[in-house]
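Spelled out, the chains give:
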Amino acid sequence: MITALLVMIGISLALGAVLGFSAIKFKVEGNPLVEKIDAVLPQTQCGQCGYPGCKPYAEAIAKGEADINKCPPGGEEGIRKLADLLGVDYKPFGEGAAPKAKAVAFIDEQTCIGCTLCLQACPVDAIAGAAKQMHTIIASECTGCELCVEPCPVDCISMKLIPEDISNWKWPYPVYALTPVRNEARKVEAS
Amino acid sequence: MRTLFRFHGGIHPDEHKLESSESPARRAPLAKKLVLPLHQHIGNGAKVAVQVGDRVLKGQMLAGAQGMISAAIHAPTSGTVTAVAPHPVPHPSRLGGLCIHLESDGEDRWIALAPLDFHAMPKSELLGKLRDAGIVGLGGATFPTHVKYGLAPGQRIDTLVINGAECEPWITTDDRLMREHAEGIVRGIEVLRHLSGAAEVLVGIEDNKPQAIAAMRAACAAAPIEVVVVPTLYPSGGEKQLIRILTGKEVPSGGRPTNIGVACNNVATAYAIHRFVDHGEPMISRQVTVTGNVRVPQNIEVLIGTPLAEVVACAEALPGTSGYILGGPMMGLHVDDLHLPMVKSANCIIAKSGQLFPPPPPAMPCIRCTRCAQACPADLQPQDLYWFAKSNNFGKTQEFHLFDCIECGACAYVCPSHIPLVQYFRFAKSEIWQREREAQSAEVARERHEFRQFRIEREKQEKAERLAQKEKAALAAKPAVPAPLPVAADPNADPDNTLQMRVDADIARANMQMRIDAAVARAKEQAAIVQPKNTDDLTPHQQAEITEIETRRAKLREIASHAGADDEPSKSN
Amino acid sequence: MLSSPFITTPGSVSQIMLRVLLALIPGIAAYVWYFGPAILVSIALASVTALATEALMLKLRNRPLKPFLSDNSALITAWLLALSIPPLAPWWMVVVGTAFGIAVAKHLYGGLGNNIFNPAMIGYAVLIISFPGHMTHWLTPHAIGLLELPFADQLNYIFHGILPAGLTLDAVTTATPLDTLKTQLHLGLSVNDIREMPIYGFLGGKGGEMVALGFAVGGIYMLAARIITWYLPLVYLAALFSIAGFFHLYDPAHYASPMFHWFSGAAMLGAFFIFTDPVGSPTTRQGKVIYAAGAALLTWLIRTFGGFPDGVAFAALLMNICVPLIDAYTQPKVFGMKGDGK
């Protein structure tokens, strides 16, 4: 009886030691899950999710505090990837959170007064300018987060849709001749 | 007798070559207006080197190569540059691209032409000259020729493969070219042989072109060039497939022929090189087959930039024509707007009619019969790729080697369910490219955001340190020197210094607010009196700058409005 | 959107299926010759049921009727099912089996091209599990000299379940040669003794062997017309031959000869018509070989040791399950990836 107890205690101590050792030896720096989630997010840093940037949102998701459907710029594809990564179910966007077409900010240079407020709002430093100097968006770096639109005191910033040209044109999804169209026809009739 | 190898799959569509292959090639009449897209090759578009209004001579460079993979564009005839503006170009999107518009003066006057002594110059110089002559592959992909021979250190070419297979139905330009200009082609091959240093030169021609084979054999008799007859099987003229047939080697997945010591060029490219090296003529024209529902199917030598309508007019389209195919029926492009200009890649124009090209029956579900897999020359499993592409599972399509698909169309040709397989693959490819672009910009955004946060943090620290030092200095020396006001904006400094204000003392912030309020007021005034105030009291230098910018803007606006106007007809068609 | 290629082969799904139906005709002809025209009744019955069920399901699933009703795939299901159950089976069995196959095995999985399991074999499995008694009463072939039911009486039995007075079903029907072999082996007879019985012919069962030969002829036509590839049927038959041959050599008294396995039951029908169903079989060359070999092994195992007389249907269904796995592990190397060991 006592031998058995001792053996059990001995084994548990030994295993505990192994576990403790490996916890120190193979310690993972940071939270790898956060990095993985962050890698899926579109990095617009727009804050539409209610967190001050993509990384904080990633951290909140990792902690289980935030839903995976709060990122409109990531699109449905983004939700799917998150669902896949976290092993949870896909969740559609809520009301009013549907993704918009990709756009970049544009400063009306005639109206700009050079107040630098938009510079401070831009999360990716995509606005060039200085105090009393006219500001310009560096379109190639702009993530379309719209954070600069609100602070502008003279409303000179607008969002311009990125036009389709040959370089960003995509082949359309082939039209499949046999997809039933009657359903839609019915919907139209009903409405 | 050379041992030939075979590639997997392949198909035997009806050839339809005799319609156009039996009459000699002729020359299209000079068009009044020519449109030259800047992007006629794989890689970067060419950079405009002329001004609107310039008078140019035939063969003069209009746009130079830009970057490593690019090629120049030349004036196909003498005349005046009337515009540099978007115009519909042959592209599946039906969108416009930037083009040089040239109005011919009818004189067709050449620049001074001089043949090249290619043996005498270093290879790099010759490659540069080919680039500036706008020589690109005329087999269809328009890959700039000089890039193929710009070898990485350690690479060498053992075999030069010249592609005269011309496997796609209807097309006969290479056939005609080989029959009529075999000597010239061989001259061009000599240049390529010199460039590549290849010990072995093989010309692959499909066995359905006996006259071309005979002509090439006769022309090659004296040269160390072997003409190899390959069995007719589409797509034996695909670069990778022809190399496999002739050498038994496979171009590695994702690689180029040079990886296995092979270079491959089309016979038409060789001929273009001959025209350039022996006559000094840059690439300003090409031969094109006009066939299908036309009265006189034939091959025509056409200047690049000629409107397709004028090319088709030479062959006289018959009633019942319902659109055109630019290129062959397997890989070509449907066009119905004949304003499109002739480009370097266009080897064939086919007038479609309901009889020759009946619309495909409606698609049925895939029954996994694997006829597509049996026909695929790249050994892919199109039925699986289709399944994944259809369900937007793009990761899986890449796992199943979507990017090894050469879009030859063999799978869709044999599909008993008539599924537009190739279109699914193109759709998946462009979606993947789009995602890659997005992932790249997300990565850049992440870096910029992280750097910004780091910078803000650093500035805070520096501020704190400076304050601490200032206090120390103030304590040390009682008669204090007033510190320079940190908010004094230096227009030459980077915008970062403005951020100091945010973390600065209350005074600065108050100052700021005051200035903003004033500015808001000014902006409102501005709205009332149209004249913008921030352009008052300017030095003459600034004024000059502004005028310059304004003219530039005006020009851009003009271009943009042109683009809108020019896009209209293509969309309405 | 119009995109290349702009030309296609004239072939179509319905044409392929039609040719498969044509290829079944020699076997059916032999069936009629040796067993009388009752099989035509079940084929007709199954065909009507299949088309009606197909139409109903298409309607329910909101799909266009015309292209799918004319694709002939429902007819193949019907014919295969009719050929694998006894012609004397009551009419409602044919209807239930066919309807189940089409409605559940085909349409609930997404219709043409999406059915994991062969619908005809699902129909067969449902019938043999639900009504095993009815599934053992097969017609006796002509030219054995046994009592045969006139065609009119057969019809009467199929549709009304009435036999002429004084006759029992057992008296006018017989078990299949495979079934007989199995029961007689259990009774202690040797294979040779059993093969002496009148229902056996030169290769398999009398009559049945000629039907199998008819299916083989149809199969060779399909190979010649390139409707099916040769890997699957040939590997199946070769594997069945070698497994059966190995055991037959080892103990001829207890294990039937390979030729017997080939020419009795549904082996030939399976080799050329059932296992080759493209939807439920692997797409890769290597996969087809593995699939066929597995099917042959299962066929032989079920026939020899299983509870059912024939193993083709269950072999087909079991191998259907393995198809995704087989496909995943037999992806061929693509162009440009050979020879570098990757």
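Reading the values: rules and limits
- Residues numbered from 1 in each chain as written.
- Chains lettered and ligands numbered in written order.
- Predicted model: local features only at pLDDT ≥ 70, side-chain atom pairs only at ≥ 80, totals over all residues.
- Heavy atoms only, no water.
- Helix = DSSP H or I, 4+ residues; strand = E, 2+ residues; numbered from the N terminus.
- Buried < 20%, exposed > 50% of the residue type's maximum accessible area, 1.4 Å probe, protein only.
- Contact = heavy atoms within 4.5 Å.
- Areas by Shrake-Rupley, 256 points an atom, 1.4 Å probe, with all protein chains shown as cover.
- Pairing = 2+ DSSP bridges.
- Axes fitted to C-alpha atoms, helices over the stretch in contact; angles between N-to-C directions.
- Buried area = accessible area lost by both parts, 1.4 Å probe.
- Salt bridge = Lys/Arg side-chain N within 4 Å of Asp/Glu carboxyl O.
- Polar contact = N/O pair within 3.5 Å; in protein donor to acceptor, adjacent residues only side chain to side chain.
- Right-handed = clockwise from strand over helix to strand, strands pointing away.
- Patch = residues over 30% accessible without salt bridge, like charges linked within 9 Å, V, L, I, M, F, W, Y side chains within 5 Å.
- Domains from an automatic or database assignment.
- Parallel < 35°, antiparallel > 145°, perpendicular 65-115°, else oblique.
- Left-handed = near helix turned anticlockwise from the far one by under 90°.
- Nonpolar A, V, L, I, M, F, W, Y, C, P; charged D, E, K, R; others polar.
- Phe/Tyr/Trp six-rings, centres within 6.5 Å; stacked < 30°, edge-to-face > 60°.
- Lys NZ or Arg CZ within 6 Å of the ring centre and 35° of its normal.

Draft legend 1. Structural view of the overall build of chain A. Scanning chain A from terminus to terminus reveals six helices and four strands. Ordered by position from the N terminus, the helices and strands of chain A form the series α-α-α-α-β-α-β-β-β-α. Split into buried and exposed, the 191 residues of chain A put 33% on the buried side. In chain A, the proportion of contacts linking residues at least 24 apart, taken out of those at least 6 apart, comes to 49%.

Draft legend 2. The arrangement of the overall build of chain B in detail. Of the regular secondary structure elements, chain B holds 16 helices and 17 strands. When the 573 residues of chain B are sorted by exposure, 52% land in the buried category. Across chain B, every contact between residues at least 6 apart in sequence was considered, and the portion connecting residues at least 24 apart equals 72%. Summed over all atoms, the accessible surface of chain B reaches about 25,600 Å², with 56% contributed by carbon and sulfur.

Draft legend 3. Geometry of the sheet that holds strand β11 (residues 225–230) of chain B. Residues and elements named next belong to chain B. Spatially, four strands are ordered β11-β10-β9-β12 in an open sheet, and the strand pairing comes out parallel. The outermost strands of the open sheet, each flanked by one partner alone, are β11 and β12 (262–266). The average undirected angle you get between the axes of adjacent strands in this sheet is 25 degrees. Pairing between strand β9 (residues 159–163) and strand β10 (residues 200–206): five bridges, direction parallel. Opposite I162, over in β10, you have V203 as the bridge partner. Against the sheet, helix α4 (residues 173–196) makes contact with β9, β10, β11 and β12, and its axis sits at roughly 160 degrees relative to β9, the strand it touches most. Seen against the sheet, helix α6 (residues 239–247) touches β9, β10, β11 and β12 and runs at an angle of roughly 120 degrees to β9.

Draft legend 4. Region of interest: the sheet that holds strand β8 (residues 96–104) of chain B. Residue and element names in this part refer to chain B. Ordered by their spatial adjacency, four strands build an open sheet running β2-β8-β7-β4, and the pairing between neighbours is antiparallel. Looking at strand neighbours, the two that pair on one side only are β2 (33–37) and β4 (55–56), the edges of this open sheet. Taken together, the two bridges between β4 and strand β7 (residues 79–88) define a ladder with antiparallel strand orientation. Each residue of the ladder has a partner; that of R55, found in β7, is T80.

Draft legend 5. Molecular detail of the interface of chain C and chain B. Taken together, the 41 residues of chain C in the interface contact 52 residues of chain B. Between chain C and chain B the total buried area reaches about 3,700 Å² when both faces are included, carbon and sulfur atoms providing 61% of it. Three residues, F6, I7 and F335 of chain C, lead the burial of chain C against chain B; their summed loss comes to 22% of the area buried on that side. Counting across the interface, chain C meets chain B through one salt bridge. There are 17 residue pairs in polar contact (both at pLDDT 80 or more) connecting chain C and chain B. Secondary-structure elements contributing two or more residues to the side of chain C that touches chain B are α1 (13–35), α3 (65–69), α15 (285–305) and α16 (312–329) of chain C.

Draft legend 6. Molecular detail of the side chain of H87 of chain B. Residue and element names in this part refer to chain B. Topologically, H87 is positioned in strand β7. Note on H87: relative accessible area 11%, which makes it buried. Excluding its chain neighbours within four sequence positions, the residues that come into contact with H87 are V35, G96, G97, C99, H101, H339 and P341.

Draft legend 7. Representation of the pairing of β11 of chain B within the structure. All names here are of chain B. Inspection of the sheet shows β10 paired to β11 by six bridges, in the parallel sense. For G204, the partnering residue across the bridge sits in β11 and is V228. Crossover β10 to β11 through helix α5 (residues 210–220) is right-handed.

Draft legend 8. Focus on a nonpolar patch on the surface. Taken together, the side chains of M1, I2, L5, L6, I9 and L13 of chain A make up a nonpolar region of the molecular surface, amounting to roughly 710 Å² of accessible area. Looking at the element boundaries, L13 of chain A is found in helix α1 (residues 2–25).

Draft legend 9. Local environment of the domain arrangement of chain B. Residue and element names in this part refer to chain B. Along its sequence, chain B is organised into domain 1 (18–349) and domain 2 (368–475). For domain 1 and domain 2, the distance between their C-alpha centroids amounts to 32 Å. With eight residues of domain 1 in contact, the opposing surface of domain 2 contributes nine residues. Where domain 1 touches domain 2, the interface holds zero salt bridges.

Draft legend 10. Representation of the side chain of T145 of chain B in the model. Residue and element names in this part refer to chain B. Topologically, T145 is positioned in helix α3 (residues 145–149). Overall, T145 belongs to the buried group, its relative accessible area being 0%. Excluding anything up to four places from it in sequence, T145 contacts I135, V136, G137, L192, N265, T269 and I273.

Draft legend 11. A look at the packing of α1 of chain C against helix α11 (residues 208–224) of chain C. Residues and elements named next belong to chain C. Viewed as axis vectors pointing N to C, α1 and α11 meet at an angle of 165 degrees, and their least axial separation amounts to 8 Å. As far as their axial angle goes, α11 and α1 are roughly antiparallel. Classified by chirality, the crossing of α11 by α1 is right-handed. In this structure, α1 contributes R19, V20, A23, L24, P26, G27, I28, A30, Y31, Y34 and F35 to the contact, and α11 contributes G208, M210, V211, G214, F215, V217, G218, Y221 and M222. Taken together, the residues that form the contact of α1 with α11 break down as 15 nonpolar, four polar and one charged.

Draft legend 12. Structural detail: the packing of aromatic side chains. One pass over the structure, following the stated rule, counts 26 aromatic pairs over all chains. For the pair Y236 of chain C and F275 of chain C, a centre-to-centre distance of 4.6 Å together with 40 degrees between the ring planes defines the contact as tilted. Of the two residues, Y236 of chain C sits in helix α12 (residues 231–250) while F275 of chain C sits in the loop between α14 (267–274) and α15, which places them 39 residues apart along the sequence. Neither Y236 of chain C nor F275 of chain C differs from the other in exposure class; each is buried. Joined through ring pairs, the aromatic side chains of Y173 of chain A together with Y386, F394, Y424 and F427 of chain B make up one cluster. Geometry around Y90 of chain A places R80 of chain A over its ring, the cationic atom sitting 4.2 Å from the centre.

Draft legend 13. Just the pairing of β10 of chain B, in detail. Among the seven residues of β10 of chain B, six are classified as buried, and the element is accordingly described as predominantly covered. Taken together, β9 of chain B, α4 of chain B and β10 of chain B constitute a β-α-β crossover, and its handedness is right-handed.

Draft legend 14. Local environment of the packing of α15 of chain C against α16 of chain C. Residue and element names in this part refer to chain C. Contact geometry of α15 with α16 gives a least axis separation of 9 Å together with a crossing angle of 150 degrees. One finds that α15 runs roughly antiparallel with respect to α16. Every pair of crossing elements has a handedness; the one defined by α15 and α16 is right-handed. On the side of α15, the interface is formed by G287, I290, Y291, G294, A295, L298, T299, I302 and R303, while α16 contributes V312, F314, A315, A316, L318, M319, N320, V323 and I326. Looking at the contact of α15 with α16 residue by residue, the classes come out as 13 nonpolar, four polar and one charged.

Draft legend 15. Geometry of unusual backbone geometry. With an omega dihedral of 0 degrees, the bond running from Y234 of chain B to P235 of chain B counts as a cis peptide bond. Along the chain, P235 of chain B turns up in the loop between β11 and α6. The residue after S4 of chain C, namely P5 of chain C, is reached through a cis peptide bond having omega -5 degrees. Considering the arrangement of structural elements, one finds P5 of chain C in the segment before α1.

Draft legend 16. Looking closely at the domain arrangement of chain A. All names here are of chain A. Domain assignment breaks chain A into domain 1 (32–86) and domain 2 (101–163). Domain 1 and domain 2 are separated by 25 Å when their C-alpha centres are compared. In this complex, domain 1 contributes four residues to the contact, which on the side of domain 2 involves five residues. Buried surface at the junction of domain 1 and domain 2, summed over both partners, amounts to about 350 Å²; 60% is from carbon and sulfur atoms. When the area that domain 1 buries against domain 2 is broken down by residue, the three leading residues are T44, Q45 and C46, summing to 85%. Linking domain 1 with domain 2 are one residue pair in polar contact (both at pLDDT 80 or more).

Draft legend 17. How the structure looks around the pattern of salt bridges. Under the counting rule described, the total for this entry stands at 36 salt bridges over all chains. Notably, a salt bridge pairs E399 of chain B with K396 of chain B, separated by 3.3 Å at the nearest N-O pair. Highlighted residues: E399 of chain B and K396 of chain B, both in helix α11 (residues 394–399), separated by three residues, approximately one helical turn. You can call K396 of chain B partly exposed: its relative accessible area is 30%. E407 of chain B is the salt-bridge partner of K429 of chain B, the closest N and O atoms lying 3.0 Å from each other. With K429 of chain B in helix α13 (residues 421–476) and E407 of chain B in the loop between α11 and α12 (410–414), this residue pair connects regions lying 22 residues apart in the sequence. Residues joined by salt bridges that share partners form a network here, namely E77 and K170 of chain A together with E431 and R435 of chain B.

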